[in-house]
Amino acid sequence: MRTWQVERRKRTRHLIELGGLVVKAGVVDLAGDDRAMIYGALLWIADKLKSDERDKALALWAAKGKQAFENN
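Now for a quick tour of the structure. The shown structure was predicted, so the numbers you read here are calculated from the model rather than taken from an experiment.

**A closer look at the overall build of the protein**
Regarding its fold elements, the protein presents four helices and zero strands. On the principal axes, the C-alpha backbone points of the protein span a range of 45 × 30 × 30 Å. Of the roughly 6,600 Å² of accessible surface on the protein, 58% is carried by carbon and sulfur atoms. Charge centroids of the protein, computed over 14 positive and 10 negative side chains, lie 8 Å from each other.

Structure (structure tokens):
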């Protein structure tokens with residue numbers, strides 16, 4: 001298999017896994033599969049990560065995610 005094919009498959013798997021997290025969190029159902037709203041929420045997260053609240057947000061979200069993984 002060519003290098004570009006391997007890289008493409010890795011990227012595809014990565015994107016599928018990230019999408020799975022959105023579904024696992026219940027965002028798709030809670031948002032009624034409204035992709036504009038989901039994208040807007042992700043942009044809000046990105047803005048938080050660019051702000052002076054970055055460290056606080058990272059710590060809060062990481063703890064919440066770790067707890068959710070442990071409980072599922």
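**Focus: the pattern of salt bridges**
For the coordinates displayed, the defined rule picks out four salt bridges. Two residues, lysine 10 and glutamate 7, come together in a salt bridge whose shortest N-O distance is 3.5 Å. Of this pair, lysine 10 and glutamate 7 are both found in helix α1 (residues 3–24), three residues apart, which corresponds to roughly one turn of the helix. Judged by relative accessible area, which is 51%, lysine 10 ranks as exposed. For glutamate 7, a relative accessible area of 41% translates into the label partly exposed. Here aspartate 33 makes a salt bridge to arginine 35, at a shortest N to O gap of 3.7 Å. Residue classification places aspartate 33 among the partly exposed positions, given a relative accessible area of 41%.

How each quantity is defined
- Residues numbered from 1 in each chain as written.
- Predicted model: local features only at pLDDT ≥ 70, side-chain atom pairs only at ≥ 80, totals over all residues.
- Heavy atoms only, no water.
- Helix = DSSP H or I, 4+ residues; strand = E, 2+ residues; numbered from the N terminus.
- Areas by Shrake-Rupley, 256 points an atom, 1.4 Å probe, with all protein chains shown as cover.
- Lys, Arg positive; Asp, Glu negative; His and termini not counted.
- Charge placed at Lys NZ, Arg CZ, Asp CG, Glu CD.
- Salt bridge = Lys/Arg side-chain N within 4 Å of Asp/Glu carboxyl O.
- Buried < 20%, exposed > 50% of the residue type's maximum accessible area, 1.4 Å probe, protein only.

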